[in-house]
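Here is how the chains run, residue by residue.
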Amino acid sequence: MNDRTDAMKTGFCGLGNMGEAMAATLVAAGFDVTVWNRSPEPVQALAEKGATSADTVQQAAENADILIAMLPDDTVTRQVLVESGALDALPEGAVFINMATVSIAFSRELDEFLAGKGLHYLAAPVLGRPDVAAAGALNILAAGRQDALDTAMPVLEAMGSKVWHFGDEPQQANAVKLAVNAMIAGAIGMMGESVALAQGYGIDRGQFIELISTTLFASPVYQGYGRAIAEERYEPAGFKLSLGLKDVRLALEAGERVNVPQPISAILRDALIDALAHHQGDQDWASLARVATRRAGQE
């Protein structure tokens, strides 16, 4: 523990699978962390590890040098932090870090809202699943003013193996995150189609996934999601399919704002809607692969 870490008061709200693991790394690193969540169980778990529990989100914000949010979407973030007045409770000069995947429009809205109150805003969505978050090994995609990033860097470095700075406008980090998530959806969807093709000729899906994930596509996305597809292991969800649909929709919306056509992402959106119609919304989004096998009559 160093003086800078010990002195920095950090609020953390949103303790789902990712948020709880991320907050735990900050507690383990010696930060003074106050946590809040809509359901109490993760708050209690973190309090047992040394965090301070907050009864309200305002309590997590007041006196915080840095407030971090990891909430599901635009709507929940607006309700929990803006409409509740929680961001108004931050001391002047504090930094708000939104680490969730949100829309470009909402990121701009937050930036303007906070600037008007003498507060700093960083968008810092992440790459990695809960096990990566628990290891403090996330890739963090940050954008915002350099002085805000400098203030926030100790907490970001505690949660991630690398912090990527993509510009002075917070929306730039959100654009990168949406582009990456569209690519992940494409990888999962293509694996599903390819598995269905191979199975159509009597090839074992596990053997096929082993081939692609150890040769031409030996990368974490193909290896991790590939294993889930090979084993048809979609629960418990590390990242829900319904959230994947949300992100692909946001990517399409972001592209429209800058006149970037995304026909492949549009196909993926419809495939995700197909999955949602078949009650897969709470499954891991690796189950997008089921759409191809179901259409091929293989389920």
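One can find the structure itself at the top, above this paragraph.
If you're wondering where the values come from, they're calculated on a predicted model, not measured in any experiment.

A. Structural detail: the environment of threonine 34. With respect to the helices, strands and loops of the structure, threonine 34 is situated in strand β2 (residues 32-36). Relative accessible area serves as the criterion here: at 16%, threonine 34 is assigned to the buried category. With 80 residues separating them in the primary sequence, threonine 34 and leucine 114 have C-alpha atoms 21 Å apart. Excluding its chain neighbours within four sequence positions, the residues that come into contact with threonine 34 are Thr10, Gly11, Phe12, Thr52, Ser53, Ala54, Gln59 and Ala60.

B. Quick look at helix α12 (residues 241-257). Along its 17 residues, α12 runs 25 Å from first to last C-alpha, staying within 8% of the 24 Å computed at 1.5 Å per residue. Residues of α12 that are buried sit in contact with α6 (104-115), α9 (170-200) and α13 (263-277).

C. Geometry of helix α11 (residues 220-231). Here α11 contains 12 residues, and its C-alpha end-to-end distance of 16 Å stays within 8% of the 16 Å for a straight helix at 1.5 Å per residue. Listed in full, the buried residues belonging to α11 are Tyr222, Tyr225, Gly226, Ala228 and Ile229. Down the axis of α11, the smallest arc covering the buried residues is 160 degrees, so these residues share one side. Looking at the buried residues of α11, the elements they touch are α9, α10 (205-214) and α14 (289-295). After α11 finishes, the residue glutamate 232 shows a positive phi value of roughly 50 degrees.

D. Layout of the sheet that holds strand β7 (residues 126-127). In space, the three strands of this open sheet follow the order β7-β8-β9, with mixed pairing throughout. Edge positions in the open sheet fall to β7 and β9 (160-165), since each of these has one partner strand only. With five bridges connecting them, strand β8 (residues 138-142) and β9 associate as parallel partners. The residue of β9 that forms the bridge with leucine 138 is glycine 160. Running at roughly 160 degrees to β9, helix α8 (residues 146-159) makes contact with β8 and β9 of the sheet. Against the sheet, α9 engages β7 and β8, with an angle of about 135 degrees to β8.

E. Structural detail: the sheet that holds strand β6 (residues 120-123). The strand order across the open sheet formed by six strands is β3-β2-β1-β4-β5-β6, and the pairing between neighbours is parallel. With one partner strand each, in any of the chains shown, β3 (52-53) and β6 form the two edges of the open sheet. Pairing analysis gives five bridges linking strand β1 (residues 9-13) to β2, with the strands arranged parallel. Counterpart to lysine 9 in the pairing with β2 is aspartate 32.

F. Broad picture of the nonpolar core. Core analysis: the biggest nonpolar cluster contains 37 residues, and Phe12, Met22, Ile97, Met99, Val155 and Leu156 have the highest contact counts within it. Listing elements by their share of this core, those giving two or more residues are α2 (17-28), β2, α3 (41-49), β4 (66-69), β5 (95-98), β8 and α8. Residues contacting methionine 22, with those up to four places away along its chain left out, are Phe12, Met70, Met99, Val126, Ala133, Leu138 and Met159. If you look at the next biggest cluster of nonpolar residues, it comprises 29 residues, including Ala60, Leu81, Leu90 and Ala94.

How each quantity is defined
Residues numbered from 1 in each chain as written. Predicted model: local features only at pLDDT ≥ 70, side-chain atom pairs only at ≥ 80, totals over all residues. Heavy atoms only, no water. Helix = DSSP H or I, 4+ residues; strand = E, 2+ residues; numbered from the N terminus. Buried < 20%, exposed > 50% of the residue type's maximum accessible area, 1.4 Å probe, protein only. Contact = heavy atoms within 4.5 Å. Expected span 1.5 Å × (residues − 1). Arc of directions from axis to C-beta. Pairing = 2+ DSSP bridges. Axes fitted to C-alpha atoms, helices over the stretch in contact; angles between N-to-C directions. Core = buried A, V, L, I, M, F, W, Y, C linked by side-chain atoms within 4.5 Å.

No statement about biological role is implied by the geometric values presented.
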